[in-house]
Amino acid sequence: MAAEGWIWRWGWGRRCLGRPGLPGPGPGPTTPLFLLLLLGSVAADITDGNSEHLKREHSLIKPYQGVGSSSMPLWDFQGSTMLTSQYVRLTPDERSKEGSIWNHQPCFLKDWEMHVHFKVHGTGKKNLHGDGIALWYTRDRLVPGPVFGSKDNFHGLAIFLDTYPNDETTERVFPYISVMVNNGSLSYDHSKDGRWTELAGCTADFRNRDHDTFLAVRYSRGRLTVMTDLEDKNEWKNCIDITGVRLPTGYYFGASAGTGDLSDNHDIISMKLFQLMVEHTPDEESIDWTKIEPSVNFLKSPKDVAPPAGAAARSHHSHSFRRLGESGSRRVHGL
């Protein structure tokens, strides 16, 4: 079956407490998610996913076994990152801190979904906080740098949870979540909050919440979707949905954060990776997915859009992304 023969139909549904899942199609809040195939019109099976699709080797879950100095390390951390029994603090609410945590195992899944339980909080008020968290699926790991505590000119995918507007002329409302795909040729411009390389984004009020905050990233058959659960309503809300994304297998998942003149606590409570059971064609299976170059089949690639004069200068000014439960999430089986 050709890849173009698939249609994804979405709507945002209510999740079961302690057993979160993806929203379903259609207007109703309780409609399940269906994957419809044009050739055959067969609905996908739905599973409540417990452990069978949770990939523990790529998941960070309390009590955080296999982190750091463990004899069988699954996750490594560096910089200001501090491990506690309840959370992984990438940075404390202090100036000029950078920290990250990275999965030790490369991921060879073609279709996956990552659920992130996170918390950004601090004493700063009214734009007196920064900078934010970055979630990564990249070729290189544990390389510190100026992009939310990790390297610039990366290869792979980044989701930025940005809390401070460096560009005073921006019309965006912060905090802001954005997506970037890079083959190593692009540099993230902090002075413009990554506007020149952003594929899509949304406003997301996740800072200093009194309740749990979650983000989900789904990648399947070239479609990248980012969802949030920030309102304590046990519902997913659409943030980003783009197609034509090409990501290789064999990259690493990670999270990083950075502070500058202003700061925040940036905490990761859990990162749970689920395998999406999607059938691929023989032609797709014959591809060496480790050799795919990260790219986006856009009408116009961000790197084809020349930034205004002066925007090429890269600088980092810090003035300066439902309930998941511990057991699993609803998954989508292939047909």
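Looking at an unreviewed UniProt entry, one finds the chain named Lectin, mannose binding 2, with Macaca mulatta as its source organism.

### Side note on the overall build of the chain
Tallying secondary structure elements over the chain gives one helix and 20 strands in all. In the chain, which comprises 335 residues, the share counted as buried stands at 56%. Per element, the accessible surface of the chain, about 14100 Å² overall, is 51% carbon and sulfur.

### A look at the pairing of strand E10 (residues 155–162)
Burial of E10 is extensive: eight of the eight residues sit out of reach of the surface. Note: E10 against strand E11 (residues 176–183), eight bridges, orientation antiparallel. Note that in E11 the partner of Asp-162 across the bridge is Tyr-176.

### Focus: the side chain of Glu-113
Here Glu-113 is to be found in strand E8 (residues 112–121). With a relative accessible area of 0%, Glu-113 lands in the buried category. Within the local environment of Glu-113, its side chain forms a polar contact with the side chain of Arg-218, the two groups lying 3.2 Å apart.

### Overview of unusual backbone geometry
Omega for the bond connecting Gly-130 with Asp-131 falls within 30 degrees of zero, at 0 degrees, which places this linkage in the cis form. Omega for the peptide link from Phe-174 to Pro-175 comes to 0 degrees, which places this bond in the cis form. Checked against the element boundaries, Pro-175 lands in the loop between E10 and E11. Positive phi, close to 55 degrees, is recorded for Leu-142, a residue that is not glycine. The residue Leu-142 is located in the loop between strand E9 (132–138) and E10 in this model. You will see that Asn-208, though not glycine, has its phi angle at about 50 degrees, which is positive. By the secondary structure assignment, Asn-208 is in the loop between strand E12 (200–203) and strand E13 (213–220). Using a relative accessible area of 30% as the deciding quantity, one classes Asn-208 as partly exposed.

Rules behind the numbers
- As a convention, each chain's residues are numbered from 1 in the sequence order in which they are written.
- Selection of residues for local features in this predicted model requires a pLDDT of at least 70, selection of side-chain atom pairs for listing and counting requires 80 or more, and totals for whole chains, interfaces and linings are taken over all residues.
- Hydrogen atoms and water are omitted, and side-chain values are computed over all heavy atoms in the structure.
- Here a strand is any run of E in DSSP of at least two residues, a helix any run of H or I of at least four, and the numbering for each starts at the N terminus.
- Note on exposure labels: buried denotes an accessible area under 20% of the residue type's maximum, exposed denotes more than 50%, and partly exposed covers the range between, all computed with a 1.4 Å probe on protein chains only.
- Working definition of accessibility: Shrake-Rupley area with a 1.4 Å probe, residue cover restricted to the visible protein chains.
- The rule for pairing is simple: two strands pair if DSSP sees at least two bridges between them.
- Whenever a nitrogen or oxygen atom comes within 3.5 Å of another N or O atom, the pair is scored as a polar contact, on the condition that within protein one atom can donate a hydrogen and the other can accept it, and that pairs from neighbouring residues in sequence are kept only if both atoms are in side chains.

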